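As a plain string of letters, each chain reads:
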Amino acid sequence: AKNEVRKLFVNCCRVYPDRCLELIVAVLCSLPQPLSKAPFPPVDAALRLVYAFSECGGAAVNKMVTTGQFPSIIASIHQTDIVSHPNRQVVLTYFEVSSRYFKSLESGLKSLVVSRLLGCMKHPHLTVRNRSAYFFLKVVEAMDNDSHQLLRDG
């Protein structure tokens, strides 16, 4: 069912990217704070919408991903305590979002993502530890030459 909803969202986004971005904002704004205490289903759904947004393709969506409101949405997610959510799937989906949009982050947020990934390599759950290492490698691949300083700082 989740995959069908994602496909529907992606198809809608191809036609109405502005409306879909409004939906993402509305869903994120409706989440209870702090996110680490929010219920699993709505947090997971919100992160999956954010993740799927760039799959919509097209020049309009590609521009929206790098400029305007969407980068602020990504920055806002990183400024929460979502990595402390007790449900491991939320943490893993957060890292999926983080790795997908890593290149567009400002340096301070890149450093935060690297730090969180390294910290989750000590997570009590084996899957989170393993996937954190995987997403860390994806983030390292996405780094430009200047970003490698984060590895020394992280």
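Coordinates for the structure precede this section.
This report concerns the structure included in the present document. Bear in mind the structure is a predicted one, so any value in this text is a computation, not a measurement.

Right, let's get into the overall build of the chain. On a plain count of helices and strands, the chain comes out with nine helices and zero strands. The globule rule puts the C-alpha radius of gyration for 154 residues at 15 Å, and the 15 Å found for the chain is close to it. For the chain, the spread of C-alpha atoms along the three principal axes comes to 45 × 35 × 25 Å. Here the contacts in the chain between residues at least 6 apart in sequence split such that 64% fall between residues at least 24 apart. For the chain, the computed accessible surface area is about 8,300 Å², with 55% contributed by carbon and sulfur atoms. Of the side-chain charges in the chain, 18 are positive and 12 negative, and the distance between the mean point of each set is 6 Å.

Our next topic: the nonpolar core. Counting 48 residues, the largest nonpolar core has Val50, Phe53 and Phe70 as the members making the most contacts within it. Looking at this core, the elements that each hand over two or more residues are α1 (2–15), α2 (17–30), α3 (40–53), α4 (58–66), α5 (69–78), α6 (88–100), α7 (107–120) and α8 (126–142). Apart from residues lying up to four places away in sequence, Phe70 is in contact with Leu21, Val50, Phe53, Met64, Val65 and Tyr101.

Bringing the packing of α2 against α5 into the picture now. Running from N to C, α2 and α5 cross one another at 25 degrees; their axes reach a closest spacing of 11 Å. If you check the angle between α2 and α5, you find them roughly parallel. Considering only the axes of α2 and α5, their crossing is left-handed. Side by side, α2 and α5 meet where Leu21, Ile24, Val25 and Leu28 of the first sit next to Gln69, Phe70, Ile73 and Ile77 of the second. Class assignment of the residues belonging to the contact of α2 with α5 gives a composition of seven nonpolar, one polar and no charged.

Right, let's talk about α3 for a bit. Taking 1.5 Å per residue as the helical rise, α3 with its 14 residues ought to reach 20 Å, and the 20 Å between its terminal C-alpha atoms agrees with that figure. Within the sequence span of α3, burial applies to Val43, Asp44, Ala46, Leu47, Leu49, Val50, Ala52 and Phe53. In this fold, the buried residues of α3 make contact with α1, α2, α4, α5 and α6.

According to the stated counting rule, one finds four salt bridges in the structure shown. In this structure, the salt-bridge partner of Arg19 is Glu22, at a minimum N-O distance of 3.1 Å. Pair noted here: Arg19 and Glu22 are both in helix α2, with a separation of three residues, about one helical turn. Under the relative-accessibility criterion, Arg19 is labelled exposed at 56%.

Attention now moves to the packing of aromatic side chains. The final tally for this structure, using the stated rule, is four aromatic pairs. Ring geometry for Phe53 against Phe70: centres 5.0 Å apart, planes inclined by 25 degrees, an arrangement best described as stacked. Pair noted here: Phe53 is in helix α3 and Phe70 is in helix α5, with a separation of 17 residues, a long-range link. For the pair Phe53 and Phe70, a shared accessibility class is recorded, and that class is buried.

Glancing now at unusual backbone geometry. Here the bond from Gln33 into Pro34 is cis, since omega is -5 degrees, no more than 30 degrees from zero. Relative to the helices and strands, Pro34 is located in the loop between α2 and α3.

What follows deals with the packing of α6 against α7. In the contact formed by α6 and α7, the axes pass within 11 Å of each other and the chain directions differ by 145 degrees. In the crossing of α6 with α7, the sense of the turn from one axis to the other is left-handed. Residues Val91, Tyr94, Phe95 and Ser98 of α6 form the contact with α7, whose participating residues are Val113, Arg116, Leu117 and Cys120. Of the residues contributing to the contact of α6 with α7, the split by class is six nonpolar, one polar and one charged.

What counts, and where the lines are drawn
- Residues numbered from 1 in each chain as written.
- Predicted model: local features only at pLDDT ≥ 70, side-chain atom pairs only at ≥ 80, totals over all residues.
- Heavy atoms only, no water.
- Helix = DSSP H or I, 4+ residues; strand = E, 2+ residues; numbered from the N terminus.
- Rg over C-alpha atoms; globule rule 2.2 N^0.38 Å.
- Contact = heavy atoms within 4.5 Å.
- Areas by Shrake-Rupley, 256 points an atom, 1.4 Å probe, with all protein chains shown as cover.
- Lys, Arg positive; Asp, Glu negative; His and termini not counted.
- Charge placed at Lys NZ, Arg CZ, Asp CG, Glu CD.
- Core = buried A, V, L, I, M, F, W, Y, C linked by side-chain atoms within 4.5 Å.
- Buried < 20%, exposed > 50% of the residue type's maximum accessible area, 1.4 Å probe, protein only.
- Axes fitted to C-alpha atoms, helices over the stretch in contact; angles between N-to-C directions.
- Parallel < 35°, antiparallel > 145°, perpendicular 65-115°, else oblique.
- Left-handed = near helix turned anticlockwise from the far one by under 90°.
- Nonpolar A, V, L, I, M, F, W, Y, C, P; charged D, E, K, R; others polar.
- Expected span 1.5 Å × (residues − 1).
- Salt bridge = Lys/Arg side-chain N within 4 Å of Asp/Glu carboxyl O.
- Phe/Tyr/Trp six-rings, centres within 6.5 Å; stacked < 30°, edge-to-face > 60°.

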